[in-house]
Amino acid sequence: ARLLCMDLRRRGFTQEQILRGTGLNWQALHSDNRQLNFEQMRRLVGQAERLSGCPWLGLEVGGLTQVAAHGQLGYAAVASPDVRTMLGVLERFSRLRMNGLQIEGEEIEQRYENRAREIFDLGSLREFVYGNLAAVSVRLLETAYGSLPLDQLEFDFPFAEPAWAAQYHEMLGPNVQFGLEVYRFSCPCEWLDEPCLTADPELARLALRDCE
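Conventions and cut-offs
Residues numbered from 1 in each chain as written. Predicted model: local features only at pLDDT ≥ 70, side-chain atom pairs only at ≥ 80, totals over all residues. Heavy atoms only, no water. Helix = DSSP H or I, 4+ residues; strand = E, 2+ residues; numbered from the N terminus. Buried < 20%, exposed > 50% of the residue type's maximum accessible area, 1.4 Å probe, protein only. Phe/Tyr/Trp six-rings, centres within 6.5 Å; stacked < 30°, edge-to-face > 60°.

Thoughts on the environment of Gly23
Part 1 of the reasoning: Assignment of secondary structure puts Gly23 in the loop between α2 (15–19) and α3 (26–29).
Part 2 of the reasoning: Taking relative accessible area as the criterion, Gly23 reaches 74% and is therefore assigned exposed.
Part 3 of the reasoning: The spatial distance from the C-alpha of Gly23 to the C-alpha of Gln35 is 15 Å, given a sequence separation of twelve residues.

Focus on the packing of aromatic side chains
Part 1 of the reasoning: If you walk through the whole model with that rule in mind, you get 13 aromatic pairs.
Part 2 of the reasoning: Their ring planes at 10° and their centres at 5.4 Å tell us that Tyr130 and Tyr183 sit as a pair that is stacked. Taken together, the residues span a long stretch of sequence, with Tyr130 in helix α8 (residues 126–145) and Tyr183 in strand β5 (residues 183–188) at a distance of 53 residues.
Part 3 of the reasoning: Looking at Tyr130, the relative accessible area reads 1%, which means it is buried.
Part 4 of the reasoning: When the ring of Tyr168 is compared with that of Phe178, the centres are 5.3 Å apart and the planes differ by 90°; the resulting orientation is edge-to-face.

Structure, rendered in C-alpha cells:
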C-alpha cells in the first residue's frame, strides 16, 4: 500500500486525492505496520487505477520497486548464496508481503515452476496482485542474477487477456499467457545453482532471523 501511494505521489497526486473514498488515514498508513484488510486494499487500488488511468498499475509499481522497499524479505532474498535459495526464501516468506497468496515451487523436467494459490478470492484485485508479483520477481532476479534473457521466462496469469497485454510482454518478455487456472512463473533449472551477485552471508543470516 505504501509503495502504491509513493507511486501516485510521484505521478503528482496529493494525499487527499490518493485516499479519497478509501477510509484510510495517511499518517496511520505510513506509521502502522499492520497489513491492510482486503476491503481497504481494494478501495485503495481502485482509487489508484482511476487516478492514474493505468489498469496495469500492479505490474508498473512492481517493476519500479527497489529491493530495499521489501524490507527484510528483500534483503534475505538478494543476499542468498544462489538463485535456488533466493526463490526458496521468497516462497517461504511471501505472506509477509502478500497474505492473500500461498506460493510454492518445484522442479518439473528442465524448468523450475513457481505457482501461487489464492488463500481467498482476490476478485477485482487479481490483476493488480499478480502483475505486481510477476514484476517484483523479475526485479529481484535481475538484482541477484544480473541481466535476464526474458525469452527464457514464462508467465501464466489467472485472468483474461486485457487490452493492455502489450505492457506485460514489454516488461516480462514474450512468453506471457492469460486465462490460465493459476498464476505460474518459471525459469530454466540451470539458473538455480547460479551464484547471486549480491550474496552476503551475514546480511542473509540477519534478514532471515528477522523474517522468522
